[in-house]
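Residue-level structure breakdown
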Amino acid sequence: MAAAAPGNPGTAEQLSAGGVFQRADEAIAAGRDPDAEAMYRALAADPDVEVRTEARFRLGRLLAARGRLTDAAVQFRAILDEKPEAQSVRLELAAVLARIGDLPAARRTLRQAQAGGLPPDVALLVDQYSTALRSLKPFGASFEVALAPSTNINRATTSTTLDTIIAPFDLSDDARAQSGVGARLGGQAWLNAPLSSAVRATFRVSGQANLYRESRFDDVIAATEAGIEYYHGRSRIRPVVSASTRWFGGEPYATTLGGGINWTRQVGRRAQVEVEFNAADADYRNDLQNGQIYDASIAAERAFGTRGGGRVTLSAQRQTAADPAYATASGGITLLGWREAGNTTVFATLALLRLEADERLILLPDRRKDWTFRASGGLSWRRWRPLGFAPVVRLSFERNASTSALYDYRRFGADFGLTRAF
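In this text the structure is predicted, and so the values were computed from the model without any measurement. Residue numbers run consecutively from 1 along every chain, following the written order of its sequence. This being a predicted model, a pLDDT of at least 70 is required before a residue's local features are given, and a value of 80 or more before pairs of side-chain atoms are given or counted; all residues contribute to the totals for chains, interfaces and linings. Side-chain numbers here rest on the full set of heavy atoms in the structure, without hydrogens or water.

**Points about the overall build of the protein**
The number of helices and strands found in the protein is eight helices and 18 strands. Counting over 422 residues, the protein shows a buried share of 39%. In the structure as shown, the protein presents an accessible area of about 21,300 Å², 59% of it carried by carbon and sulfur atoms. Put simply, DSSP marks the helices as runs of H or I at least four residues long and the strands as runs of E at least two long, and each gets a number from the N terminus on. Each residue is assigned to one of three classes by its accessible area relative to the maximum for its type, calculated with a 1.4 Å probe on protein chains only: buried under 20%, partly exposed between the two thresholds, exposed over 50%. Computed with a 1.4 Å probe, the accessible areas rest on the Shrake-Rupley method; for each residue, only the protein chains presented here act as cover.

Structure below.
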């Protein structure tokens, strides 16, 4: 590697990679961080993998020190794309993700580092990094925008008629499956306030909107959540209160108010277990659906190595209603897996759910009983990050087999989007 002397690019003086690193160190010592950044970026394109790895590592640390956390994470991930065995870099990445506020990703990165094996001196740092995950920055946000084509945007039946105890009823076009291309917007923002070394208060707002040319199919959800996080050893306990509102076709559809509790515990070096229970009072546009919603889940997540992992979740839900025909009990299993391949992360999800209603709707011949199967998979790229956004592609399939044609449907969908954390 040869580079022109810093500060005078037109000269013929050439430096070795080691010389450029030395000049960069001198620039940092003199307070000229932009000059050091330029030199590191030049070395990050060096054909020698060891040179560009060192350059990216130093650049990542420099960017993190300047508060440019997303850019720092990009540099550390670029190293891991080429050298997944660089566990000390993975620890640096975990610390940056914690400062960004992406706590799940930070913990997952730590487990991947431990799964790959750590030297004794590095292993001693893990507890310090785990503790650092509690000290998130006081606020943060993330945002995603996607183009979302689907063969069934309203998750409706393809049947033209509905069998009833009186006679077959013709279904309107709006009650049948509609294909279309929509825009999917999603985001969240959070605040954290430490109350002590082991306790902090949290507040989060989030929202998601699926918007279409035909606005009667627009689906918008907004939610808020406030709680307390308490850390004890390898456990975290988080009670919360929450509220949400959903609009469909521009009209209020449902409002919920409730709370819940989450317990998360690290198990060994590679895994964590998460148990959650929530309860809420639900007020629907259709008063016959009003009631309470109770749901519980238990999940186990494990790093299979430095480049992949998986998660299995068992869930159950009970929903009461003023009309027993709208009251349901459901449960199922969801499997999630991911694998890093170079500068790409591949992920896939499979879910199987069962739902039964307490009674049949008055006009329908059968009580509702559903089997739902969902499968999705996708890719995210780290090499191309326009303005700090990460490109993501997801493909999905959903099949709901029901005893009632009203709820029987299938759909294929896709998301072509960009995500970013701030």
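**Some details on the pairing of strand 13 (residues 308-319)**
The rule for pairing is simple: two strands pair if DSSP sees at least two bridges between them. Bridging between strand 12 (residues 291-303) and strand 13 involves 11 bridges; their strand directions are antiparallel. Bridge assignment links Ile298 to a residue of strand 13, and that residue is Leu314. Pairing of strand 13 with strand 14 (residues 328-341) involves 12 bridges; the strand directions are antiparallel. Each residue of the ladder has a partner; that of Arg318, found in strand 14, is Ala329.

**A closer look at helix 3 (residues 49-65)**
By this rule, a helix spans an expected 1.5 Å times one less than how many residues it contains. Here helix 3 is 17 residues long and its end C-alpha atoms lie 24 Å apart, about the 24 Å a rise of 1.5 Å per residue gives. As used in this structure description, the phrase polar contact means that two N or O atoms lie within 3.5 Å; if the pair is within protein, one of them must be able to donate a hydrogen and the other to accept it, and residues adjacent in sequence are counted only when both atoms belong to side chains. With a side-chain oxygen lying 2.9 Å from the backbone nitrogen of Glu50, the N-terminal cap of helix 3 falls on Asp48. Where helix 3 terminates, the next one or two residues include Gly67, which has phi positive at roughly 85°.

**Let's talk about the nonpolar core**
Among buried residues, those of type Ala, Val, Leu, Ile, Met, Phe, Trp, Tyr and Cys that are joined through side-chain atoms within 4.5 Å constitute a nonpolar core. In terms of nonpolar packing, the biggest core is built from 32 residues, with Tyr40, Leu43, Phe76, Val89 and Val96 touching the most fellow members. Mapped by element, the contributors of at least two residues to this core are helix 1 (17-29), helix 2 (33-43), helix 3, helix 4 (69-82), helix 5 (87-100) and helix 6 (103-115). When residues in this core are grouped by element, the largest group, seven residues, is from helix 3. The contact definition used throughout considers only heavy atoms, calling two residues in contact when any of these lie within 4.5 Å. Residues contacting Phe76, with those up to four places away along its chain left out, are Phe57, Gly60, Arg61, Val89, Glu92, Leu93 and Val96.

**What about the packing of aromatic side chains?**
Two aromatic rings are characterised by how far apart their centres lie and by the angle between their planes. What counts as a ring pair is set by centres within 6.5 Å for rings of Phe, Tyr and Trp (its six-membered ring), and what kind of pair is set by the plane angle: stacked under 30 degrees, edge-to-face over 60, tilted for all other angles. As enumerated under the stated definition, the model contains four aromatic pairs in all. With 6.0 Å between their ring centres and 55° between their planes, Phe57 and Phe76 make a pair best called tilted. A residue pair is termed long-range when its members are at least 10 positions apart, and Phe57 in helix 3 and Phe76 in helix 4 qualify at 19 residues. A cation over an aromatic ring shows up here: Arg368 above the ring of Tyr407, its NZ or CZ 3.7 Å from the ring centre. Criterion for a charge above a ring: Arg CZ or Lys NZ at most 6 Å from the ring centre, at most 35 degrees from the ring normal.

**What to know about the pattern of salt bridges**
Pairing of side chains with opposite charge becomes possible as their charged atoms draw close. Criterion for a salt bridge: a side-chain nitrogen of Lys or Arg within 4 Å of a carboxyl oxygen of Asp or Glu. A full pass over the atoms with the stated rule returns 26 salt bridges. A salt bridge links Arg41 to Glu37, with the shortest nitrogen-to-oxygen separation between them at 3.0 Å. Placement of the pair is Arg41 and Glu37 together in helix 2, with a separation of four residues, close to one helical turn. What makes Glu37 buried here is its relative accessible area of 11%. Ionic pairing is found between Arg311 and Glu301, a salt bridge with its closest N-O pair at 3.0 Å. You can see Arg311 sitting in strand 13 and its partner Glu301 sitting in strand 12, a full 10 residues away along the chain. For Arg311, a relative accessible area of 22% corresponds to the partly exposed category. A single network of salt bridges, built from pairs that share partners, joins Glu37, Arg41, Arg66, Arg68 and Asp71.

**Here's the deal with the packing of helix 4 against helix 5**
Relative orientation of the contacting elements helix 4 and helix 5 amounts to 155°, with a least axis distance of 9 Å. In terms of orientation, helix 4 and helix 5 fall into the roughly antiparallel class. Classified by chirality, the crossing of helix 5 by helix 4 is left-handed. Counting all contacts with helix 4, which are made through Leu69, Thr70, Ala72, Ala73, Phe76, Arg77, Ile79 and Leu80, the residues of helix 5 involved are Val89, Arg90, Glu92, Leu93, Val96, Leu97, Arg99 and Ile100. In this analysis an axis means a line fitted to C-alpha atoms, helices contributing only their contacting stretch, and an angle means the value between N-to-C directions, from 0 to 180 degrees. With respect to orientation, any angle under 35 degrees is reported as roughly parallel, any angle over 145 as roughly antiparallel, any angle of 65 to 115 as roughly perpendicular, and every other angle as oblique. Throughout, a crossing is termed right-handed when the near helix is turned clockwise from the far one, and left-handed when it is turned anticlockwise from it by less than a right angle.

**As for the pairing of strand 12**
Two elements, strand 11 (residues 271-284) and strand 12, share 12 bridges in a ladder whose sense is antiparallel. When the sheet's bridge partners are listed, Phe277 is paired in strand 12 with Ala296. Counted between consecutive antiparallel strands, the loop separating strand 11 from strand 12 contains six residues. Hairpin connection, strand 12 to strand 13: the antiparallel pair is bridged by four residues.

**A closer look at helix 1**
Over its 13 residues, helix 1 runs 19 Å from end to end, which matches the ideal 18 Å to within 8%, given 1.5 Å per residue. Considered for burial, the residues of helix 1 that qualify are Ala17, Gly19, Val20, Phe21, Ala24 and Ala27. Immediately downstream of helix 1, the backbone of Gly31 shows phi near 80°, a positive value.

**What about the environment of Ala222?**
Assignment of secondary structure puts Ala222 in strand 8 (residues 219-232). Beyond its immediate chain neighbours, meaning those up to four positions away, Ala222 contacts Ser206, Gly207, Ala243, Ser244, Thr245 and Trp247.

**Remarks on the side chain of Thr202**
Inspection of the secondary structure assignment puts Thr202 in strand 7 (residues 199-211). Relative accessible area serves as the criterion here: at 8%, Thr202 is assigned to the buried category. Within the local environment of Thr202, its side chain forms a polar contact with the side chain of Arg238, the two groups lying 3.1 Å apart. Not counting residues up to four positions away in its chain, the partners in contact with Thr202 are Leu191, Asn192, Glu225, Ala226, Gly227, Glu229 and Arg238.

**Here's the deal with the environment of Thr151**
Structurally, Thr151 is set in the loop between strand 3 (139-150) and strand 4 (161-162). Assessed through its relative accessible area of 41%, Thr151 is described here as partly exposed. Residues Thr151 and Ala177 lie 26 residues apart in sequence; the distance between their C-alpha atoms is 7.7 Å. Here Phe412 takes part through its backbone nitrogen, which lies 2.8 Å from a polar atom of the side chain of Thr151.

**A short note on the confidence of the model for the protein**
As a per-residue quantity, pLDDT reports the predictor's confidence and falls between 0 and 100. On average, residues of the protein score 82 in pLDDT, and 84% of them reach the 70 mark or higher. The low-confidence segment residues 1-13 (pLDDT under 50) makes 22 contacts with residues lying over four places distant or belonging to another chain. Segment residues 118-129: pLDDT under 50, and 11 contacts once partners within four positions in sequence are set aside and those in other chains are kept.

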